[in-house]
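Architecture and fold: a report
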Amino acid sequence: MIAQPLEFIAAEPFADFLTRLKELLREKEVELVVVGMPRNMDGSYGPAALKVQDFVAALRNAVTVPIETLDERLTSVQANRFLIQARVRREKRKEKVDKTAAALLLQSYLDGLAR
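A brief look at the structure comes next. Because the structure is predicted, anything quoted here is derived from the model rather than measured.

1. Comments concerning helix H3 (residues 75-85)
- Inspection of H3 places Thr 75, Ala 79 and Leu 83 among the buried residues, and these make up the whole buried set. For H3, the angular spread of buried residues about the axis comes to 70°, placing them on one side. Residues Arg 81 and Gln 85 are exposed on H3 and point more than 90 degrees away from its buried face.
- Contacts made by the buried residues of H3 are with helix H4 (90-114).
- Arg 87 occupies a position one or two residues after H3 and carries a positive phi of about 60°.

Encoded structure:
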């Protein structure tokens, strides 16, 4: 399987985020949600990881689909490199980097299943 970016959904306001997420979960018959967990380069968790943990806890209370977290270190760097190699203009890269990083994260998860 090959991961592809769908769309970016802003996390705030959370109610709007949940509405759109639930629509996508239904439409795409999603079986699992993978959320990137920011970690420091030494593997420790910082303030951003605590926010993600709170977000995941709220998400688990709102949806029935299982949720897993995955280390997202360097996915934005990889996404930028990929977009540069694809000759995406700088102003377009900014709007595509999060979706591309999410697709790379999901691909990493899928690749791990294949092993």
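2. With respect to the packing of helix H1 (residues 14-27) against helix H2 (residues 47-62)
- Interaxial distance between H1 and H2 falls to 12 Å at its minimum, and their mutual angle equals 55°. Here H1 lies oblique to H2, going by the angle between them. Note on packing geometry: the crossing formed by H1 with H2 is right-handed. Residues Phe 14, Phe 17, Leu 18, Leu 21 and Lys 22 of H1 touch H2, and the partners they reach there are Phe 55, Ala 58, Leu 59 and Ala 62.

3. Concerning H2
- Under the 1.5 Å per step criterion, the end-to-end length of H2 is 23 Å for 16 residues, consistent within 8% with the ideal 22 Å.
- Inspection of H2 places Ala 49, Val 52, Val 56 and Leu 59 among the buried residues, and these make up the whole buried set. Viewed end-on, H2 has its buried residues packed into an arc of 75°, placing them on one side of the element. In H2, the exposed positions angled more than 90 degrees off the buried face are occupied by Pro 47, Lys 51, Asp 54 and Asn 61.

4. Things to note about the environment of Asp 98
- Secondary-structure assignment places Asp 98 in helix H4.
- Considering only alpha carbons, one finds Asp 98 and Thr 75, 23 residues apart in sequence, at a separation of 9.0 Å.

5. Considering the nonpolar core
- Ranked by internal contacts, the top residues of the largest apolar core, which has 14 residues, are Leu 21, Leu 25, Val 33, Val 35, Leu 59, Val 63 and Ile 67.
- Elements with a contribution of two residues or more to this core: H1, strand S1 (33-37) and H2.
- Non-local contacts of Leu 59, meaning those with residues more than four positions away in its chain, are made with Phe 14, Phe 17, Leu 18, Leu 21, Val 35 and Ile 67.

6. With respect to the side chain of Thr 100
- Mapping Thr 100 onto the fold places it in helix H4.
- Residue class for Thr 100 comes out buried when judged on its relative accessible area of 11%.
- If sequence neighbours within four positions are ignored, Thr 100 has contacts with Ala 79, Phe 82 and Leu 83.

7. Quick word on unusual backbone geometry
- Between Glu 12 and Pro 13 the backbone carries a cis peptide bond, its omega angle lying at -5°.
- Of note, Pro 13 is situated in the segment before H1.
- Located in the positive-phi region is Leu 74, a residue other than glycine, with phi close to 70°.
- With a relative accessible area of 46%, Leu 74 lands in the partly exposed category.

8. Brief notes about the packing of aromatic side chains
- Evaluation of the coordinates by the stated rule reveals three aromatic pairs.
- Both rings, one in Phe 14 and one in Phe 17, keep their centres 5.8 Å apart while their planes meet at 25°; by these two values the pair is stacked. Of this pair, Phe 14 and Phe 17 both sit in helix H1, three residues apart, which is roughly one turn of that helix.
- Its relative accessible area of 8% is what places Phe 17 among the buried residues.
- Between Phe 14 and Phe 55 the ring centres are 6.0 Å apart and the planes differ by 80°, which places this aromatic pair in the edge-to-face class. Placement of the pair is Phe 14 in helix H1 and Phe 55 in helix H2, with a sequence separation of 41 residues.

Each value, and the rule that gives it
- Residues numbered from 1 in each chain as written.
- Predicted model: local features only at pLDDT ≥ 70, side-chain atom pairs only at ≥ 80, totals over all residues.
- Heavy atoms only, no water.
- Buried < 20%, exposed > 50% of the residue type's maximum accessible area, 1.4 Å probe, protein only.
- Helix = DSSP H or I, 4+ residues; strand = E, 2+ residues; numbered from the N terminus.
- Arc of directions from axis to C-beta.
- Contact = heavy atoms within 4.5 Å.
- Axes fitted to C-alpha atoms, helices over the stretch in contact; angles between N-to-C directions.
- Parallel < 35°, antiparallel > 145°, perpendicular 65-115°, else oblique.
- Left-handed = near helix turned anticlockwise from the far one by under 90°.
- Expected span 1.5 Å × (residues − 1).
- Core = buried A, V, L, I, M, F, W, Y, C linked by side-chain atoms within 4.5 Å.
- Phe/Tyr/Trp six-rings, centres within 6.5 Å; stacked < 30°, edge-to-face > 60°.

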